[in-house]
Amino acid sequence: MFRYLKKYWVFALLAPLFMIGEVLMDLVQPRLMSTIIDEGVLGLSNQGVGDLKLIIVTGLQMIGLVAIGGTCGVLCGVFTNLCSQNFGNDMRKAAFRKIMALSFEQTDQFSTGSLITRVTNDITQIQNMVSQCIRGFVRNIMLFAGGIASMMLLDISFGVVVACALPFLVICVAFFLAKVTPLFRVLQKKLDRVNSVMQENVAGSRVVKAYVKEEYEKKRFGDANEDLVGTQLRILTLSAYMTPVMNIVLNLSVVAVIYIGGIRVEQGDVTPGSVMAAITYLSQILHSVMMFAMVFQTISRGTASYRRVKEVMDCVPVIADGEAAMMSGEAATVNAEAALADEKAGPTHGKAPRKGPKGAAGGRVEFRNVSFAYPGSSGEAVLNHVNLTIEPGETLAILGATGSGKSSLVNLIPRFYDVTEGQVLVDGVDVKDWKLTELRDTVAIALQKSELFSTTIRKNLLWGDSEATEEELEKAAKDAQAAEFIHAKSEGYDTMVAEKGMSLSGGQKQRLSITRALLKNAKILIFDDSTSALDLKTEAKLYEALRTHYKDVTKIMIAQRIASVKGANRIAVLDNGNIVACDSHENLMKSCEIYQDIYRSQLKAGTEVSADE
Ligand SMILES: Nc1ncnc2c1ncn2[C@@H]1O[C@H](COP(=O)(O)OP(=O)(O)OP(=O)(O)O)[C@@H](O)[C@H]1O
Ligand SMILES: [Mg+2]
């Protein structure tokens, strides 16, 4: 935490300094008040004759001090906010960066709702804690110590009242904090739950409506919310007990000061003005103790939140840059070049040349005895000893029943997950040895579920290459068969896309995802069932464009329909995590029973249409 505070140490130092100014002014006021009463009104040192001039002068002094105190207070507030807001901003950005670096399995462990709460509400609680520490803490310590000292200076007997009242208050505050502190962590967890249900419902609102599950979901949200309210109420109830108890102690103490003060005035040891001042000091002291309870409450809530944010910050990304890449960016390149010595040009491990894949070398993918099980899935293998090599420029299709492991296989190439056994090599280098950003720059993937963002079509596409020219954009859109429908929209590329691409049809979303992937000009292009929503004619045109314009790019196409894959150089048939055959359409038709079965079933269902039609 101090790492984020260090940058704003000037603000963190100035704020308490100005606070000291404000509190000093508060502590001087009762003294001046006492002068007004004793000398101005009662005229104790002038045989009972008051002094109007003194009242006016002292009154003006008091106003002056209030102004100075107020200015100090404002400046303290400004510096406190500058410190805590900037600190929170930095911490929030760091937490966001960390979450982005986590692997899918790690973000799944936290749950989206919880991560949102941690980055928003939890960091706000930590911000409050910081601001309370540099402002509230200093203010109350000073008021407390300064008040006691000033009171003792008036008359030592007043100290007795403070000595009696304090233990009560301290016990009260300690009891309250002991009860309330554990509730804060619970409170944040309940907030996680509310956020999770909320997020699931907003994201899945169409399904909720389609299944008429509004009432069910309302109840689920209501339950989570009531749970949250219940915890909040417990905290508030405890706080509610505190205030009257504190007030009783405060009022009894005031009575005691008046009583003792009365006796001391009669004895001639103190003046009435001093008794008035003592009452003000007493309320300042006891108030500071009450405020301590609030400060500690904010601190214990902030600490609970800090632990939660720290859990995220301390999470070491499971998938990070390979050791070789970290030790030397060159090492991996040398390896790769050796592996591809007989090819025209070695891979650069950098971003593929921007000006198109033509001439870009590399893009060889090799699965070497790869087995894979999803982390936390009790070790059930999704892929078993897969051996497969895809040469640069080759088009490899992957066909297999749903759940056979097609997506899992291709997700290993950009290292969305790490293999359990074996190796995945890109350009002869284990993906674990690549610098992650460079590896992912080498691969363009259109995911099975098209993810689009709520911005214009152009901005969505430029994710592929932010520096792409208008011509490059248009060419990629044409190749992906998306140009026509984009131009048909009244605002063309500047048409806004609704959240998650809700304003587009399934096929349009897929074509935008494909355009985005093509624009990336990567050496390896992966389409994970990205053409499933396209009609066969459009799909055939897309494949034709890929064949002619992306000759040197390694293309890995997952598809369900034989019509979509028959034009590929080779088709890998995946069955239950095993590659049972890998050959051309013609050869598979002769030799692979599973492939023939799929062919026959699709023919019967009437989906078998020549992709060249
Ligand atoms: N994140 C995950 N965690 C645990 N298991 C998973 C995960 N994703 C997929 N699986 C499991 O891995 C197996 C293979 O899934 P995969 O998504 O690779 O299949 P697929 O061949 O792409 O299927 P489809 O054609 O339906 O897309 C399935 O049994 C699935 O339940
Ligand atoms: Mg899949």
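Residues numbered from 1 in each chain as written. Chains lettered and ligands numbered in written order. Predicted model: local features only at pLDDT ≥ 70, side-chain atom pairs only at ≥ 80, totals over all residues.

A. Summary view of the overall build of the protein chain. When helices and strands are counted, the protein chain shows 21 helices and ten strands. Its C-alpha atoms give the protein chain principal-axis dimensions of roughly 125 × 50 × 50 Å. Here the protein chain holds 613 residues, and 40% of them are scored as buried. Put simply, of all contacts in the protein chain between residues at least 6 apart along the chain, 77% involve residues at least 24 apart. (Helix = DSSP H or I, 4+ residues; strand = E, 2+ residues; numbered from the N terminus. Buried ≥ 20, exposed ≤ 12 C-beta atoms within 10 Å, placed from the backbone. Contact = placed C-beta atoms within 7 Å.)

B. Structural context of the site of ligand 1. Taken together, 13 residues surround ligand 1, and among them Tyr374, Thr402, Lys406, Ser407 and Ser408 come closest. Here the shell around ligand 1 takes three residues from helix H12 (residues 406-411), the largest share from any one element. Here the residues of the shell around ligand 1 sort into two nonpolar, nine polar and two charged. (Near = placed C-beta within 6 Å. Nonpolar A, V, L, I, M, F, W, Y, C, P; charged D, E, K, R; others polar.)

C. Spatial organisation of helix H3 (residues 52-101). Here H3 contains 50 residues, and its C-alpha end-to-end distance of 72 Å stays within 8% of the 74 Å for a straight helix at 1.5 Å per residue. Those residues of H3 that sit buried are Gly69, Cys76, Phe79, Thr80, Cys83, Ser84, Phe87, Met91, Arg92, Ala95 and Ile99. (Expected span 1.5 Å × (residues − 1).)

D. The packing of helix H5 (residues 112-154) against helix H6 (residues 156-203), seen in detail. As a packed pair, H5 and H6 sit with axes 12 Å apart at the nearest point and diverge in direction by 175 degrees. With respect to H6, the axis of H5 lies roughly antiparallel. On the side of H5, the interface is formed by Thr112, Gly113, Ser114, Ile116, Thr117, Asn121, Asp122, Ile148, Met151, Met152 and Leu154, while H6 contributes Ile156, Phe158, Gly159, Val162, Gln188, Leu191, Asp192, Arg193, Asn195, Ser196 and Gln199. Grouping the amino acids of the contact of H5 with H6 by side-chain chemistry returns nine nonpolar, ten polar and three charged. (Axes fitted to C-alpha atoms, helices over the stretch in contact; angles between N-to-C directions. Parallel < 35°, antiparallel > 145°, perpendicular 65-115°, else oblique.)

E. Main features of the environment of Arg458. Mapped onto the elements of the fold, Arg458 is located in helix H14 (residues 457-462). Taking C-alpha positions, Arg458 is 37 Å from Val573, a pair spaced 115 residues apart along the chain.

F. Inspection of the confidence of the model for the protein chain at higher detail. When pLDDT is averaged across the protein chain, the result is 86; 92% of the residues are at 70 or more. Overall, residues 328-360 carries pLDDT values under 50, and its contacts beyond four positions in sequence, including any with other chains, amount to 55 contacts. (pLDDT = per-residue confidence, 0-100.)

G. Representation of the pairing of strand S3 (residues 395-400) in the model. Most of S3 sits inside the fold, with six of its six residues counted as buried. Because side chains alternate across S3, one face comprises the buried residues Thr395, Ala397 and Leu399, and the other comprises Leu396, Ile398 and Gly400, equally buried. Here S3 runs beside strand S8 (residues 554-559); their pairing, made up of five bridges, is parallel. Bridging across to S8, Leu399 finds its partner in Ala559. With five bridges joining them, S3 and strand S9 (residues 570-575) adopt parallel strand pairing. Residue pairing for S9: Ala397 is matched across the bridge by Ile571. (Pairing = 2+ DSSP bridges.)

H. Representation of the domain arrangement of the protein chain in the model. When the domains of the protein chain are assigned, the result is domain 1 (2-313) and domain 2 (323-349 + 360-448 + 522-605). Its C-alpha centre places domain 1 at a distance of 59 Å from the equivalent point of domain 2. (Domains from an automatic or database assignment.)

I. Up close: the sheet that holds S8. Taking strand neighbours across the sheet as the criterion, the six strands line up as S6-S7-S8-S3-S9-S10 in an open arrangement whose pairing is mixed. Edge positions in the sheet fall to strand S6 (443-446) and strand S10 (578-583), since each has one partner strand and no second. Pairwise comparison of adjacent strand axes, ignoring direction, gives a mean angle of 15 degrees for this sheet. Sheet analysis places S9 next to S10, joined by five bridges and oriented antiparallel.

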